[in-house]
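Architecture and fold: a report
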Amino acid sequence: MTELEKRLGYGFRDSRYLDNALTHSSYANERAGLSSNERLEFLGDAVLGFCAAKNICRLYPAMAEGEMTRLRAELVCETSLHAVAKTLDLGRYIRLGRNEECNGGRERVSILADAVEAIIAAIFLDGGLEPAEAFIEERILKDLEAGRRPVRTDYKTQLQELLQREGGAAPRYSIIGESGPDHNKSFTARAVLHDGAFADGTGRSKKEAEQAAARAALELLGV
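These figures come from a predicted structure and were not determined experimentally.

Another point: the state of the cysteines. Tallied over the full model, the rule gives 0 disulfides. Lacking any disulfide linkage, Cys-77 is separated from the closest cysteine sulfur, that of Cys-51, by 17 Å.

A separate point is the packing of helix α4 (residues 38-59) against helix α8 (residues 109-127). For the pair α4 and α8, interaxial distance at closest approach is 7 Å and the crossing angle is 80°. It follows that α4 is roughly perpendicular to α8 by the angle criterion. Between α4 and α8, the residues in contact are Leu-40, Glu-41, Leu-43, Gly-44, Asp-45, Val-47 and Leu-48 and Asp-114, Glu-117, Ala-118, Ile-120, Ala-121, Phe-124 and Leu-125, respectively. Split into classes, the residues belonging to the contact of α4 with α8 amount to 9 nonpolar, 1 polar and 4 charged.

Position of Ser-36 relative to the elements: it lies in the loop between α3 (25-28) and α4. Ser-36 gets classed as buried once you look at its relative accessible area, which sits at 18%. Within the structure, Ser-36 has its side chain in polar contact with the backbone nitrogen of Glu-38 (distance 3.3 Å). Ser-36 has contacts with Asn-20, Thr-23, His-24, Ser-25 and Ala-28, leaving out every residue within four places of it along the chain.

Unusually for a residue other than glycine, Asp-89 sits at a positive phi of about 55°. With respect to the secondary-structure elements, Asp-89 resides in the loop between α6 (78-88) and α7 (98-102). Residue Asp-89 is classed as partly exposed on the basis of its relative accessible area of 30%.

Before going further, it helps to spend a moment on the packing of α4 against helix α5 (residues 65-75). Where α4 meets α5, the closest approach of the two axes is 10 Å, and the angle between their N-to-C directions is 130°. Taken together, α4 and α5 sit at an angle that is classed as oblique. Crossing angle aside, the handedness with which α4 passes α5 is right-handed. Of the residues in α5, those touching α4 at Gly-49, Ala-52, Ala-53, Ile-56 and Cys-57 are Met-68, Leu-71, Arg-72 and Leu-75. Partitioning the contact of α4 with α5 into residue classes produces 7 nonpolar, 1 polar and 1 charged.

Glancing now at the environment of Ser-110. Mapping Ser-110 onto the fold places it in helix α8. C-alpha separation for the pair Ser-110 and Ser-186, spaced 76 residues apart in sequence, amounts to 7.2 Å. Excluding residues that lie within four positions of it along the chain, Ser-110 makes contacts with Glu-78, Ser-186 and Thr-202.

Two pairing modes exist for strands in a sheet, parallel and antiparallel, and in both the strands are linked by backbone hydrogen bonds. Pairing is antiparallel across the open sheet formed by 3 strands, whose spatial order is β1-β2-β3. Edge strands, defined here as strands with exactly one partner in the open sheet, are β1 (172-179) and β3 (198-203). On average, each strand axis in the sheet is tilted by 25° relative to the strand beside it, whichever way the strands run.

Turning next to the confidence of the model for the protein. When pLDDT is low, close inspection of the predicted coordinates is not appropriate. Per-residue pLDDT for the protein averages 88, and the proportion of residues at 70 or more is 95%. Averaged pLDDT values for the elements of the protein fall to 78 in helix α10 (residues 142-145) and rise to 96 in helix α2 (residues 15-21).

This part takes up the environment of Leu-81. Looking at where Leu-81 falls in the secondary structure, it is placed in helix α6. Exposure remark for Leu-81: the relative accessible area of 0% places this residue in the buried category. For the pair Leu-81 and Ser-186, spaced 105 residues apart in sequence, the C-alpha to C-alpha distance is 14 Å. Residue contacts for Leu-81: discarding those within four places in its chain leaves Leu-48, Val-76, Ala-113, Val-116, Glu-117, Ile-140 and Arg-204.

What counts and how
- Residues numbered from 1 in each chain as written.
- Predicted model: local features only at pLDDT ≥ 70, side-chain atom pairs only at ≥ 80, totals over all residues.
- Heavy atoms only, no water.
- Disulfide = S-S within 2.5 Å.
- Axes fitted to C-alpha atoms, helices over the stretch in contact; angles between N-to-C directions.
- Helix = DSSP H or I, 4+ residues; strand = E, 2+ residues; numbered from the N terminus.
- Parallel < 35°, antiparallel > 145°, perpendicular 65-115°, else oblique.
- Contact = heavy atoms within 4.5 Å.
- Nonpolar A, V, L, I, M, F, W, Y, C, P; charged D, E, K, R; others polar.
- Buried < 20%, exposed > 50% of the residue type's maximum accessible area, 1.4 Å probe, protein only.
- Polar contact = N/O pair within 3.5 Å; in protein donor to acceptor, adjacent residues only side chain to side chain.
- Left-handed = near helix turned anticlockwise from the far one by under 90°.
- Pairing = 2+ DSSP bridges.
- pLDDT = per-residue confidence, 0-100.

Written as structure tokens, this is what we have:
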């Protein structure tokens with residue numbers, strides 16, 4: 001944990017918060033009396049949303065409310081949090097159940113993104129808002145602080161245009177699963193190509209899951 005704390009840039013006074021943040025439900029379910037990180041995910045999502053909104057208001061005083069909402073969504077989306085988890089090599093530290101471990105859980109986008117939210121909450125509970133906000137600004141809002149707006153790639157359009165150039169039909173999307181509590185749902189979408197090949201992706205909304213599936217399909221096609 002000392003190694004991870006160095007990566008986080010924060011030393012915990014009570015390591016139990018960090019332990020809890022790294023405990024996936026699949027691990028907790030195999031051990032009686034152990035709590036998963038789901039409650040911390042809920043709190044971390046709220047702290048992250050608050051800090052993102054605060055910084056958007058500060059940096060863009062003339063921005064309309066609708067645009068502020070879209071920008072905040074782009075900053076705190078699952079793709080953004082997954083990227084943070086990868087820079088922290090967070091998959092090494094998450095505690096997973098046996099089945100989730102065998103099924104590639106350490107690389108699962110939703111698990112890694114949720115763990116980042118749980119860590120934000122753990123820092124908040126252990127040290128207060130100031131260190132939590134410092135972590136968020138350094139890891140998630142850095143481009144915003146530097147005056148760079150996030151560029152959200154429309155993978156669905158990119159995939160459709162690629163297939164059309166090659167004479168193929170447009171991909172078909174379907175939602176093949178959902179999990180998690182009502183306040184923190186995760187959806188899985190499937191993109192099916194004209195030749196029957198398919199790719200799956202997960203997201204916090206159905207639209208985000210479809211974008212993730214389109215991105216996976218592009219990777220499948222070598223793009």
